[in-house]
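Summary of the model geometry
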Amino acid sequence: MAEKDKELTEKVVPEAEELPKTIVRRVVKEKLSQLATDSEISVLRDSLQAFCESARIFIHYLSATANDICRESNRQIINAEDVFKALEEIEFAEFIGPLRACLEEFRQKNPGRKVASSGSSKAKDTSKNAKRKPPAQSEGRKKRREVESNRDEDDAD
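Analysis parameters
Residues numbered from 1 in each chain as written. Predicted model: local features only at pLDDT ≥ 70, side-chain atom pairs only at ≥ 80, totals over all residues. Heavy atoms only, no water. UniProt positions renumbered as here; feature names shortened; annotations may be inferred. Buried < 20%, exposed > 50% of the residue type's maximum accessible area, 1.4 Å probe, protein only. Helix = DSSP H or I, 4+ residues; strand = E, 2+ residues; numbered from the N terminus. Contact = heavy atoms within 4.5 Å. Polar contact = N/O pair within 3.5 Å; in protein donor to acceptor, adjacent residues only side chain to side chain. 1 Å grid on protein atoms, 1.4 Å probe; cavity = no way out; pocket = protein on both sides within 12 Å on 5 of 7 lines; lining within 4 Å. Points joined across faces, edges and corners; volume = space filled by probe spheres on them. Nonpolar A, V, L, I, M, F, W, Y, C, P; charged D, E, K, R; others polar.

Looking at an unreviewed UniProt entry, one finds the chain named DNA polymerase epsilon subunit 3, with Sesamum indicum as its source organism. Per its UniProt entry, the chain bears the Subcellular location (unreviewed entry) comment "Nucleus".

Okay, structure coming up:
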């Protein structure tokens, strides 16, 4: 009977929802090494599973709260501000400052990337069409990109 219970509890979470254990292990070990510089700390298998499951539950809770905030604003796309408000609502406001700094750093490193906007589907369609067009047309596209990037640089100054 105990073996049957163990099997049920081990595979309650669908495999698609599991977080990658190697990444969770790396994050946990990096944080623990920052806290305890004098010795290396090992993480047992069941502890790693507990970290994975806790993170998964936190992500579900945070995303559901952000989704509620988004729907209250009559929108269908969750943005970063929804996540910040959700963190505050679930009483994790101390994460907002570091998260804002991380997001700003990401945006500076990836200036050309659009974050989930209504125009993103057009960008996808353009990239699909770019693959289908013959090479002669791609030269014109390269020139347009250069002109657009020069314009963006001028606007930034």
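Moving on from the coordinates now.
Once that is clear, we can look at helix H4 (residues 80-89). Among all positions of H4, only Asp-82, Phe-84, Ala-86 and Leu-87 are buried. Packing partners of the buried residues in H4 comprise helix H3 (45-72) and helix H5 (96-109). You can read the cap of H4 off the contacts: a side-chain oxygen lies 3.1 Å from the backbone nitrogen of Glu-81, and it is on Asn-79. Positive backbone phi, at 65°, marks Glu-91, one or two positions downstream of H4.

Once that is clear, we can look at the layout of surface pockets. One number sums up the size of the largest pocket: a volume of about 550 Å³. What lines the largest pocket is a set of 14 residues, and nearest its centre among them are Val-27, Val-28, Ala-55, Phe-58 and Phe-95. Sorting the residues of the lining of the largest pocket by element identifies helix H2 (21-35) and H3 as the ones contributing at least two each. When residues of the lining of the largest pocket are assigned to their parent elements, the largest contribution, five residues, is made by H2. Class assignment for the residues of the lining of the largest pocket results in 13 nonpolar, no polar and one charged.

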